[in-house]
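Inside the fold
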Amino acid sequence: MPEVVVVAAVAEAPGSPADRLIGDGMDLPWHLPADLRRFKALTTGWPLVMGRRTFESLLHQFGGPLPNRENVVLTRHPSSVDHPGIHVYGGLEEAVRAFADRERLFIGGGAGVYGSVLDPDGAVQADRLELTFVEGEFEGDTYFPPYRHLLAENGGPFHLDASKRHPAEGDRPAFRFDTYVRDPTLGR
Ligand SMILES: NC(=O)c1ccc[n+]([C@@H]2O[C@H](COP(=O)([O-])OP(=O)(O)OC[C@H]3O[C@@H](n4cnc5c(N)ncnc54)[C@H](OP(=O)(O)O)[C@@H]3O)[C@@H](O)[C@H]2O)c1
């Protein structure tokens, strides 16, 4: 089966209602070109699995599916999502099985899809987390699931493999690119 990689940009504001924000309506809570470049570099050439609302937010933000990668859209009403060149599936397991011959696939959100692959009892489990932590108090309505208990520093199965922080500059918030890898010798 492919390596299952979560890619997400997540607000980091511990103790604040903004902590773990990922979305604001059809948009992201922030404007961060460096993160969009990283997202493109990571996912180009690979299947990108996402929920129906995330796909609609891509249409809203970029005017169409993302180029040079398979856009794989999950919906419980497959006949209602119709766009040239995309792959539509009624469930996550089915979508992952359809790309069983690929070395890797990305999970691009939103909230429920991230939750499924981070659930220790889920049928599809994340192997790696490519997270961008955006520091600050943003506004929005969609949240990354609770994840801190999954990190090795808190007894979970994901250990930090790489981390690079970029300090705030002008209007741009500070952010950090963190890669976490599942260590099968650690807990669930
Ligand atoms: N910061 C980030 O990295 C990031 C990444 C992605 C998205 N976002 C933001 O998050 C928001 C969108 O996310 P969201 O959580 O609201 O929605 P979403 O997860 O993208 O879409 C939810 C819909 O996806 C379908 N779906 C989800 N899981 C499914 C499953 N296992 N099987 C079949 N269908 C499934 C259902 O569609 P039907 O209702 O059609 O059945 C469900 O209503 C936007 O604000 C977007 O900008 C942020």
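Note: the structure precedes this text.
Below, the structure is looked at part by part. Residue numbers restart at each chain and count upward from 1, following the sequence in its written direction. The predicted origin of the model limits local features to residues at a pLDDT of at least 70 and limits the giving and counting of side-chain atom pairs to 80 or more, whereas totals for whole chains, interfaces and linings rest on all residues.

**Observations concerning the sheet that holds strand β9 (residues 158–166)**
Spatially, β5-β4-β3-β6-β1-β7-β10-β9 is the arrangement adopted by the eight strands of the open sheet, whose pairing is mixed. The sheet terminates laterally at β5 (87–89) and β9, the two strands that pair on one side only. When strand polarity is set aside, the average angle formed by the axes of neighbouring strands in this sheet is 20 degrees. Any two strands between which DSSP finds at least two bridges are classified as paired. Only runs of H or I of at least four residues qualify as helices and only runs of E of at least two qualify as strands under DSSP, and these elements are numbered from the N terminus. Here strand β1 (residues 3–12) pairs with strand β7 (residues 128–135) via eight bridges, running parallel. Looking at the pairing, valine 7 lines up with glutamate 130 of β7. An axis is simply a line fitted to the C-alpha atoms; with a helix, the fit covers only the stretch in contact. Between two such axes, the angle follows the N-to-C directions and lies from 0 to 180 degrees.

**Considering the site of the ligand**
For each residue, a C-beta atom is placed from the backbone, and the residue is labelled near a molecule or strand when this atom is within 6 Å of it. Residues in contact with the ligand amount to 29 residues; listed here are only the nearest, Gly23, Gly51, Thr54, Gly109 and Gly110. Those elements that provide at least two residues to the shell around the ligand are β1, β2 (21–23), β3 (48–51), α2 (52–62) and α4 (111–118). Among the residues making up the shell around the ligand, the classes are represented as nine nonpolar, 15 polar and five charged. For this scheme, ten residues count as nonpolar: Ala, Val, Leu, Ile, Met, Phe, Trp, Tyr, Cys and Pro. Four count as charged, namely Asp, Glu, Lys and Arg, and the remainder, Gly too, count as polar.

**Focus on the nonpolar core**
Core analysis: the largest hydrophobic core is formed by 41 residues, its most contacted members being Val6, Ala8, Val49 and Ile107. Broken down by element, this core gets its largest block of residues, seven residues, from β1. Any pair of residues counts as being in contact when their C-beta atoms, constructed from backbone geometry, are within 7 Å of one another. Alanine 8 has contacts with Ile22, Gly109, Tyr114, Leu131 and Phe144, leaving out every residue within four places of it along the chain. When buried Ala, Val, Leu, Ile, Met, Phe, Trp, Tyr and Cys residues are joined through C-beta atoms within 7 Å, the set is termed a nonpolar core. Burial is judged by counting other C-beta atoms within 10 Å of a residue's own C-beta: 20 or more means buried, 12 or fewer means exposed, and anything between counts as partly exposed, with every C-beta placed from the backbone.

**As for α2**
Every buried residue of α2 is listed here: Arg53, Thr54, Phe55, Ser57 and Leu58. Residues of α2 that are buried sit in contact with β3 and β4 (71–74). A positive phi of about 85 degrees marks glycine 63, the residue just after α2.

**Considerations on the pairing of strand β6 (residues 104–107)**
Note: β1 against β6, four bridges, orientation parallel. Across the sheet, the residue bridging to valine 5 is phenylalanine 106, located in β6. Sheet topology places β3 next to β6; two bridges connect them, and they run parallel. When the sheet's bridge partners are listed, valine 49 is paired in β6 with isoleucine 107.

**Remarks on the environment of histidine 166**
Within the secondary structure layout, histidine 166 lies in strand β9. A count of 16 C-beta atoms within 10 Å places histidine 166 in the partly exposed class. On a C-alpha basis, the gap between histidine 166 and alanine 13 in space is 16 Å, while along the polypeptide they are 153 residues apart. The contact partners of histidine 166, leaving out residues within four places of it in the chain, are Ala34, Ala174 and Phe175.

**A word on unusual backbone geometry**
Cis geometry marks the peptide bond from glycine 109 to glycine 110, where omega comes out at 0 degrees. As for its position among the elements, glycine 110 is in the loop between β6 and α4. With a phi close to 65 degrees, asparagine 68 is a non-glycine residue in the positive phi region. Looking at the element boundaries, asparagine 68 is found in the loop between α2 and β4.

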